[in-house]
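The lines below spell out each chain.
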Amino acid sequence: MDSLLTAADTALRTLFANPKAAEESPAALAAPASEQTDAALSPEEKRLAGALMRVNHVGEVCAQALYTAQAAVTHDAALRQHLLQAAREELDHLAWTRERIDALGARPSLLNPLWFAGAFAIGLVAAKVSDRVSLGFVVETENQVSAHLQSHLQRLPAQDAASRAVVARMKDDEERHAANARAAGAVELPPPARALMRLAAKLMTTTAHFV
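Nothing here was measured: the structure is a model prediction, and the numbers come from that model.

(A) Main features of the packing of helix H7 (residues 131-155) against helix H8 (residues 161-183). Running from N to C, H7 and H8 cross one another at 160°; their axes reach a closest spacing of 8 Å. The pairing of H7 with H8 is recorded here as roughly antiparallel in orientation. Here the hand of the crossing between H7 and H8 comes out left-handed. Listed contacts from H8 to Leu-135, Val-138, Val-139, Glu-142, Asn-143, Val-145, Ser-146, Leu-149, Gln-150, His-152 and Leu-153 of H7 are Arg-164, Val-167, Ala-168, Met-170, Lys-171, Glu-174, Glu-175, His-177, Ala-178, Ala-181 and Arg-182. Its residues assigned to classes, the contact of H7 with H8 comprises 11 nonpolar, 5 polar and 6 charged.

(B) Molecular detail of the environment of Glu-140. Here Glu-140 is to be found in helix H7. For Glu-140, a relative accessible area of 11% translates into the label buried. As for Glu-140 and Val-125, which are separated by 15 residues in sequence, their C-alpha atoms are 15 Å apart. Sequence-distant contacts of Glu-140, defined by excluding residues within four places in its chain, comprise Leu-189, Arg-194, Met-197 and Arg-198. Among the polar contacts made by the side chain of Glu-140, one reaches the side chain of Gln-144 at a distance of 2.8 Å.

(C) How the structure looks around helix H4 (residues 43-73). Along its 31 residues, H4 runs 45 Å from first to last C-alpha, staying within 8% of the 45 Å computed at 1.5 Å per residue. Of all 31 residues making up H4, 23 are buried, and the element is well covered by its neighbours.

(D) Up close: the packing of aromatic side chains. All told, the structure shown has 1 aromatic pair when counted by the stated rule. Considering the side-chain rings of Phe-116 and Phe-120, the 6.3 Å spacing of their centres and the 15° angle between planes classify their relative orientation as stacked. Pair noted here: Phe-116 and Phe-120 are both in helix H6 (residues 112-129), with a separation of 4 residues, about one helical turn. Per residue, the accessibility class of Phe-116 equals that of Phe-120, and both read buried.

The rules we used
- Residues numbered from 1 in each chain as written.
- Predicted model: local features only at pLDDT ≥ 70, side-chain atom pairs only at ≥ 80, totals over all residues.
- Heavy atoms only, no water.
- Axes fitted to C-alpha atoms, helices over the stretch in contact; angles between N-to-C directions.
- Helix = DSSP H or I, 4+ residues; strand = E, 2+ residues; numbered from the N terminus.
- Parallel < 35°, antiparallel > 145°, perpendicular 65-115°, else oblique.
- Left-handed = near helix turned anticlockwise from the far one by under 90°.
- Contact = heavy atoms within 4.5 Å.
- Nonpolar A, V, L, I, M, F, W, Y, C, P; charged D, E, K, R; others polar.
- Buried < 20%, exposed > 50% of the residue type's maximum accessible area, 1.4 Å probe, protein only.
- Polar contact = N/O pair within 3.5 Å; in protein donor to acceptor, adjacent residues only side chain to side chain.
- Expected span 1.5 Å × (residues − 1).
- Phe/Tyr/Trp six-rings, centres within 6.5 Å; stacked < 30°, edge-to-face > 60°.

Set out below in structure tokens:
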């Protein structure tokens, strides 16, 4: 029951509340005059940056769902704390990306409830198999997210220092989460599973770019 209540609370906070970061956004440190910087972006650049940050925000919605589901299933208290700590760090990412979406005059994905539900279901399935498979799923997910964020660093407008700082910090954190999961005993997922995850991620990111 406690796990169910925690999952429901996470879903409501992720989808409907205004997320609060525990740490100041890298955007504020990289571009103290971010409002002026954003105003200097052309309409096309703002639309592109807003769409990319919407995609990144969707990834953080999915991260909250994934880690919450995995923490709810595992019987290993240490692993549960590991997953919940990662979720808390991802909450900062959720807040930072939402801040950039708002600053760029964009909006979150209209399909966020669907993304959350799908990621939660996948997390439950992975965790039900075994803790090591669950951790393997974390490794592969974070590796793919890191590669995805790297592509965004190449596509974001050069003068959008605020968004670029957020994405760069997120990339570092995702790589650390993958390394931690690997050190905790993750197994490598088979190639078909990794390919299916890439296909699902492609569908999600392509859709979230526009919707």
